[in-house]
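Chain by chain, the residues:
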Amino acid sequence: MLIIEGRFYPRPLRGQTDTLRGMTNQANAATGSVNPDEPLDLAGRHILLGLSGGIACYKAAELCRALIKAGATVQIVMTEAAEQFITPVTMQALSGRTVYTSQWDSRESNNMAHINLSREADAILIAPMSADFMAKLLHGRADDLLSLMCLARPIDKVPLLVAPAMNREMYAHPATQRNFVQLEADGATVLGVGTGFQACGETGDGRMLEPDQILEDVISFFAPKVLAGQHVLITAGPTYEAIDPVRGITNLSSGKMGFALARAAHEAGAHVTLVAGPVALATPRGVNRVDVKSAQNMFDAVMAHVQAATVLVAAAAVADWRVAKPSGQKIKKDASGQAPQLVFEENTDILATVASLPQAQAGKLYCVGFAAESHNLVENAEAKRLRKKVPLLVGNIGPDTFGQDHNALLLVDEKGSRQLPHASKLALARQLVREIAARLAAFPS
Ligand code: CTP
């Protein structure tokens, strides 16, 4: 039996990779996601995870688990060098499948592991990919099972993704850099590297990406590229309006919906700029993030990036008002018992301003607003869409969703309104991205 998140599944035999296909989001109970029918991100995918020699092999164990938790089935293939760093026993236990290490593996009835394994994979992922293994791939060498399998794979059906891992000097070497360019030209997807402390004691570029980053990249890789060629500008999170140097006015927005949208738009192939108010969320992979504090900062950042944008999604909960003259020093209590008198002035409406720009009026920028309401969602959202002059407005009940991992959305456009029922914010973000893509196709541009 195979154990995933405390549940039992029959272990699929090689060649029966459909056993877990269509598996739904069993992790939901653990993550607090609300829809048990939501498919796992990699449900139905069979990944051939290849390990070449490098200390980053220790991360491959975690990566294997992460791929399986995301719904994939995983077949491990290791080079002889990889076996110096981690044992096949560990990888077999984690993947629930026999590990392959040799092209002479007699368990295969036709003695052709390289053909059999590469034909059943949806993708080959090499993590870690050492500098030496990359050089081997480039020359089409095939003197061990993993390189043989990469060469023998049907190149148009089985994509090759690689996560390099090496010392910073090896990474920066012209030969390595030249090899990356050639590897991409040969059709491989190079996932990039991390920066930081290396096992050798040096610091720089060349670490293997973290397992959760690789997982995000693999999920992205399989996503339909419905926003390819689009530049999506997204605002997210709350704003913070200072009263004095230690106090301010903000709101309960967590930024999760906007960040999920940034991830979904990137997955869909868009170039994404995320203008984020003060939130402690990790930047989605591949997204260009600009951190801001006040509504004025957010306005400035949006105006600085809007020229290149073809889509604006205003998901931020922007403060309507700011303190007209924030105190330069902490406002102290005096003995009078009187509360300080704050005078407010209105912040510029970022969405309405952008929607009235010539590029939006000319149909070159598609604007999507959000409405966080507490009541009368349909009426308020419809009125807000007309007031802000945007083609699409997304309504939600703010108090029900602020800080949560789930939401329910109401889409309002010129044809009327439609609900996207309760789901995780990421699932809703992906649906919303598809809705935007469908409308863009009909948008004058
Ligand atoms: N918005 C904006 N700039 C502002 C205020 C709001 O860009 N200064 C955007 C939000 O990001 C959202 C939409 O306008 O996309 C609606 O925001 P919301 O706070 O729901 O509405 P308001 O315009 O503030 O109206 P009200 O507070 O009366 O509901």
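What this report covers is the structure whose coordinates are included nearby. (Residues numbered from 1 in each chain as written. Predicted model: local features only at pLDDT ≥ 70, side-chain atom pairs only at ≥ 80, totals over all residues. Heavy atoms only, no water.)

1. Focus on the site of the ligand
Phase 1: The local shell around the ligand holds 15 residues, among which Ala314, Ala316, Phe370, Lys384 and Lys388 are the closest.
Phase 2: The separation between an oxygen atom of the ligand and a polar main-chain atom of Ala314 is 2.6 Å.
Phase 3: Within the contact set of the ligand, an oxygen atom lies 2.8 Å away from a backbone nitrogen or oxygen of Phe370.
Phase 4: Taken by itself the ligand offers 580 Å² of open surface, and the protein chains cover 79% of this. (Near = heavy atom within 4 Å. Polar contact = N/O pair within 3.5 Å; in protein donor to acceptor, adjacent residues only side chain to side chain. Areas by Shrake-Rupley, 256 points an atom, 1.4 Å probe, with all protein chains shown as cover.)

2. Observations concerning the packing of aromatic side chains
Phase 1: Counted by the stated rule, this structure contains three aromatic pairs.
Phase 2: Note on Tyr171 and Phe180: the rings are 5.6 Å apart at their centroids and 55 degrees apart in plane angle, and the pair reads as tilted.
Phase 3: Judged by its relative accessible area of 9%, Phe180 is buried.
Phase 4: Measuring from centroid to centroid gives 4.9 Å for Tyr366 and Phe443, while their planes differ by 85 degrees, and the two rings are edge-to-face. Of the two residues, Tyr366 sits in strand S18 (residues 366-373) while Phe443 sits in the segment after helix H16 (425-441), which places them 77 residues apart along the sequence. Phe443 carries the same exposure label as Tyr366, and that label is buried.
Phase 5: When the ring centre of Tyr100 is taken as origin, the NZ or CZ atom of Arg107, which lies over that ring, is 4.7 Å away. (Phe/Tyr/Trp six-rings, centres within 6.5 Å; stacked < 30°, edge-to-face > 60°. Buried < 20%, exposed > 50% of the residue type's maximum accessible area, 1.4 Å probe, protein only. Helix = DSSP H or I, 4+ residues; strand = E, 2+ residues; numbered from the N terminus. Lys NZ or Arg CZ within 6 Å of the ring centre and 35° of its normal.)

3. Quick notes on a nonpolar patch on the surface
Phase 1: On the surface, Ile249, Trp321, Leu342 and Phe344 cluster together into a nonpolar patch covering about 350 Å² of accessible area.
Phase 2: Inspection of the secondary structure puts Ile249 in strand S12 (residues 247-249). (Patch = residues over 30% accessible without salt bridge, like charges linked within 9 Å, V, L, I, M, F, W, Y side chains within 5 Å. Salt bridge = Lys/Arg side-chain N within 4 Å of Asp/Glu carboxyl O.)

Read these as geometric descriptors, not functional statements.
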